[in-house]
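# Coordinate analysis (summary)
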Amino acid sequence: MVRIGWLSDSHIDPTSSAGADEKLPQDIASLFDTYGVQDLFFNGDAVFKASAFNEGGYAHSTPEFYDQFWEFVDQSGHGEKVICTPGNHDVPLQYFVESDDRARLRYKKTYDDEGVTVLMMNTVGPGAVSGSQEAGYGWTNGYVPYRDLQWLDEQLDEAGDNAKVVYFHHHAWLTPDDPLASAPTDTQSIDQLYWVCRNYRAIHDILSSYDKVVCPQGHTAQFAEEGSSNVDGVEYLYKKHYYNVRDGGVTTYAYIDVSPNRCTVTTVDHDTDKETTILDTKF
């Protein structure tokens, strides 16, 4: 059994009072010191320019935003065990990837003794590198590039009988129980598709062709619902937005206990330390 951490959507903004700010190092430290995770996987929206939408949706974060994010990560005392992939607000992507060696477009770690493989996917897509609105820019729905789908398929195949934890930012599936990402699979509402990868069917076809697959997802601005949905054997996870962009403050972070035989996912409330199990499944 390995225990790993799950965090996303901290929305750090050094130019305003928005974002998780000093609560982020506190909760990262808690994951390691209180709950004993071995590594923390941060699946997107490390930063966010709070005034972006008021400026037409085209203003983006600059390198100083990432400087602040990584400073908070390191203040936790466990920064060397944190890996981050981008979210829709971490654009243009060149600022993200240049910010730190721990900023990755995709990532793999295998816990050989425990029989667990962890993968992290970039759902922003290649167009967001330029920061042009025509390329999607990152405010819109996600997309996993074809070459990354190939990589995902190869890594899942190589993982064999390992349990497979695959992190996404934009949802990899229109999760039925998620109030903001949910929709019948034949519904193409732009509001619903904002939260999901455009090529979610192609992603799901790959994921569902393997067993023991669990997918923590970020991005959705929800503040009440947390849970999981099993679709064709794939466990899709959703949790509260870590930073509450509507009311301020932070909500929950999570840890995952996983082995080749079982996976349990627990969220922890920042204010009360209440623990909630959103997935407990045997493989």
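As shown above, the structure is provided for reference.
This is a predicted model, so every value here is computed, not measured.

What counts and what doesn't
Residues numbered from 1 in each chain as written. Predicted model: local features only at pLDDT ≥ 70, side-chain atom pairs only at ≥ 80, totals over all residues. Heavy atoms only, no water. Helix = DSSP H or I, 4+ residues; strand = E, 2+ residues; numbered from the N terminus. Contact = heavy atoms within 4.5 Å. Areas by Shrake-Rupley, 256 points an atom, 1.4 Å probe, with all protein chains shown as cover. Pairing = 2+ DSSP bridges. Axes fitted to C-alpha atoms, helices over the stretch in contact; angles between N-to-C directions. Phe/Tyr/Trp six-rings, centres within 6.5 Å; stacked < 30°, edge-to-face > 60°. Buried < 20%, exposed > 50% of the residue type's maximum accessible area, 1.4 Å probe, protein only.

Turning next to the overall build of the protein chain. Along the protein chain, the regular secondary structure elements total 6 helices and 12 strands. For the protein chain, long-range pairs separated by at least 24 residues make up 65% of all intrachain contacts whose partners lie at least 6 apart in sequence. Split by element, the accessible area of the protein chain, about 11000 Å² in all, is 43% carbon and sulfur.

On to the sheet that holds strand β11 (residues 262-269). The 6 strands are arranged β3-β2-β1-β10-β11-β12 in an open sheet whose pairing can be described as mixed. Edge strands, defined here as strands with exactly one partner in the open sheet, are β3 (82-85) and β12 (275-282). Pairs of neighbouring strands in the sheet enclose a mean axial angle of 20°, with direction left out of account. Looking at chain direction, strand β1 (residues 2-7) and strand β2 (residues 40-43) are connected through 3 bridges and run parallel. Within β2, the position partnered with G5 by the bridge is L40.

Our focus in this paragraph is the packing of aromatic side chains. Scanning the model with the defined rule gives 9 aromatic pairs in all. Judged by centre distance (6.5 Å) and plane angle (20°), the rings of W173 and Y236 are stacked. Taken together, the residues span a long stretch of sequence, with W173 in the loop between β6 (163-167) and α5 (190-193) and Y236 in strand β9 (residues 234-238) at a distance of 63 residues. Considered together, W173 and Y236 belong to a single accessibility category, that of buried residues. By way of ring pairs, the aromatic residues Y35, Y253 and Y255 are connected into one cluster.

Glancing now at helix α1 (residues 23-33). Judged by how many residues are buried, α1 sits mostly within the fold: 8 of 11 residues are covered. Within the span of α1, buried status applies to L24, P25, D27, I28, A29, S30, L31 and F32. Buried residues in α1 make contact with β1, β2, α2 (63-75), β3 and β10 (252-258).

Purely geometric numbers; function is a separate question.
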